[in-house]
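Structural characterization, general
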Amino acid sequence: METLTLIVMGGLAGVMAGLLGIGGGALIVPVLVMVFETQHVNPDVIMQAALGTSMATIVFTAVSSVLAHQRRGAVNWSIFKSITPGIVVGSLLGAAIAHVLAGRTLRIMFVVFMFLLALQMSRGTMATSAHRRRLPGAAGVSAVGGVIGLMSAFFGIGGGSMSVPFMTWYGVPARQAIATSAAIGFPIALSAAVGYVVAGWNVEGLPPWSVGYVVLPAFAGIVGASILAAPFGARLAHRLSDATLRRIFAAFVTILGVKMLWSLL
């Protein structure tokens, strides 16, 4: 049952990665927390293990998603180059911060983040013509990348919930913003995954077959399904209504957020 749960959630995460330019961590992290709880993993390291494993899976989800978008010529590589330096630094810092926080504190912060993300996605994030303006210079974009990278690593997500609104606010077309966000997800996830491996290298109480905070069996189950599902999500992104898709995602995140909140009470 645990394996089936991870495969199904990996598939949903892959669809969301291709569909909305997000890494799927908002779905993966709470499910991993629940799975690790049933395995009686040390509560002090459950959140870190869920975050680290989530970021490792997003590395592969992002590659599959961006290849599907690139075949449609939708990725803005100029923005990608400008934002990546800040992304790398911020992602490493986010993993380091998560390592030193208490597991319960990290879980409470994640639940709050999930509800805020669900609210944001249900209300919509696309810019109106009144807000269209030029992107800041390379240094400004990189600084924004630092914030996105830090928050993404801290919450185990691919960054699309922040990078897509940022780009559309500055006039980048929605589908191009989604595709570029999928590409940005790769350096975010890779840097954060490395950070979680290093931070958790000598930590006790992790599940068997863990490399730092990355739990390999869970990683493998999610990655296999997400890689297969991401191209399907990318195709849907070019066919279906943005508003409908955002609301479906918000509903999923809300349900999982309530489940995590209940476990804290």
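Keep in mind that this is a model prediction, so the values were computed, not measured.

Along the protein chain, the regular secondary structure elements total ten helices and two strands. Pairs at least 24 apart in sequence give 82% of the contacts found in the protein chain among residues at least 6 apart.

We now examine the confidence of the model for the protein chain. Averaged over every residue, the pLDDT of the protein chain is 81; residues scoring 70 or more account for 85%. Contacts of residues 126-130 to residues separated by more than four positions or lying in other chains number eight contacts, the stretch itself having pLDDT below 50.

Turning to the nonpolar core, a few remarks are in order. If you look at the biggest cluster of nonpolar residues, it comprises 70 residues, and the most contacted ones within it are Leu-32, Phe-36, Met-47, Leu-51, Met-55 and Phe-110. Among the elements that line this core, the one with the most residues is helix H3 (residues 43-70), at eleven residues. With residues up to four places along the chain from it excluded, the contact list for Leu-32 reads Leu-6, Ala-50, Thr-53, Ser-54, Ala-218 and Ile-222.

With that settled, consider the environment of Ala-95. For Ala-95, the position within the fold is in helix H4 (residues 77-100). Taking the C-alpha atoms as reference, Ala-95 lies 8.7 Å from Val-194; in sequence the two are 99 residues apart.

So, on to a positive patch on the surface. A contiguous patch of positive charge on the surface is contributed by Arg-71, Arg-72, Arg-235 and Arg-239. Tracing the chain through its elements places Arg-71 in the loop between H3 and H4.

This paragraph deals with the environment of Arg-134. Among the structural elements, Arg-134 can be located in the loop between helix H5 (103-123) and helix H6 (138-155). As for Arg-134 and Met-167, which are separated by 33 residues in sequence, their C-alpha atoms are 9.8 Å apart.

This paragraph deals with H4. The end-to-end C-alpha separation of H4 is 35 Å, in line with the 34 Å expected for 24 residues at 1.5 Å each. Most pronounced at Ile-83, the bend in H4 amounts to some 40 degrees, and the proline Pro-85 follows within four residues. Near the N-terminus of H4, the side chain that reaches the backbone nitrogen of Ser-78, with its oxygen 3.2 Å away, is that of Asn-76.

Next up on the list: unusual backbone geometry. Residue His-40 is not a glycine yet carries a positive backbone phi of 60 degrees. Summarising the element assignment, His-40 is placed in the loop between helix H2 (25-38) and H3. Overall, the relative accessible area of 71% leaves His-40 in the exposed class. With a phi close to 60 degrees, Trp-209 is a non-glycine residue in the positive phi region. Within the secondary structure, Trp-209 sits in the loop between helix H8 (174-199) and strand S1 (210-211). On the basis of relative accessible area, Trp-209 is assigned to the exposed category, the value being 68%.

Where two aromatic rings form a pair, the distance of their centres and the angle of their planes describe that pair. Following the criterion strictly, the structure yields eight aromatic pairs and no others. Considering the side-chain rings of Phe-166 and Tyr-170, the 5.4 Å spacing of their centres and the 65 degrees angle between planes classify their relative orientation as edge-to-face. Where Tyr-196 meets Tyr-213, the ring centres are 6.3 Å apart and the plane angle is 80 degrees; that geometry is what we call edge-to-face. With Tyr-196 in helix H8 and Tyr-213 in the loop between S1 and strand S2 (214-215), this residue pair connects regions lying 17 residues apart in the sequence. For the pair Tyr-196 and Tyr-213, one class covers both residues: buried. Put simply, the rings of Phe-110, Phe-113, Phe-154 and Phe-155 pair up and form one aromatic cluster.

So, on to the pattern of salt bridges. Counted by the stated rule, this structure contains one salt bridge. The closest approach of N and O atoms between Arg-107 and Glu-37, which form a salt bridge, is 2.7 Å. Of this pair, Arg-107 sits in helix H5 while Glu-37 sits in helix H2, and the two are 70 residues apart along the sequence.

Attention shifts here to H3. Since the α-helix turns once every 3.6 residues, residues separated by three or four places project in the same direction. Taking 1.5 Å per residue, 28 residues should reach 40 Å; H3 reaches 41 Å between its end C-alpha atoms and fits that length. Taking burial as the measure, the 28 residues of H3 include 22 buried ones, the bulk of the element. The N-cap residue of H3 is Asn-42: its side-chain oxygen and the backbone nitrogen of Asp-44 are 3.0 Å apart.

Here we come to the side chain of Ser-191. Here Ser-191 is to be found in helix H8. Leave out the neighbours within four places in its chain, and Ser-191 touches Val-88, Ser-91 and Leu-92.

Turning our attention to the side chain of Ser-142. Tracing the backbone shows Ser-142 in helix H6. Beyond its immediate stretch of four places on either side in the chain, Ser-142 contacts Ser-82, Ile-83, Pro-85 and Gly-86.

Calculation criteria
- Residues numbered from 1 in each chain as written.
- Predicted model: local features only at pLDDT ≥ 70, side-chain atom pairs only at ≥ 80, totals over all residues.
- Heavy atoms only, no water.
- Helix = DSSP H or I, 4+ residues; strand = E, 2+ residues; numbered from the N terminus.
- Contact = heavy atoms within 4.5 Å.
- pLDDT = per-residue confidence, 0-100.
- Core = buried A, V, L, I, M, F, W, Y, C linked by side-chain atoms within 4.5 Å.
- Buried < 20%, exposed > 50% of the residue type's maximum accessible area, 1.4 Å probe, protein only.
- Patch = residues over 30% accessible without salt bridge, like charges linked within 9 Å, V, L, I, M, F, W, Y side chains within 5 Å.
- Areas by Shrake-Rupley, 256 points an atom, 1.4 Å probe, with all protein chains shown as cover.
- Salt bridge = Lys/Arg side-chain N within 4 Å of Asp/Glu carboxyl O.
- Lys, Arg positive; Asp, Glu negative; His and termini not counted.
- Charge placed at Lys NZ, Arg CZ, Asp CG, Glu CD.
- Expected span 1.5 Å × (residues − 1).
- Bend = angle between axes of the 7 residues up to and from the residue.
- Polar contact = N/O pair within 3.5 Å; in protein donor to acceptor, adjacent residues only side chain to side chain.
- Phe/Tyr/Trp six-rings, centres within 6.5 Å; stacked < 30°, edge-to-face > 60°.

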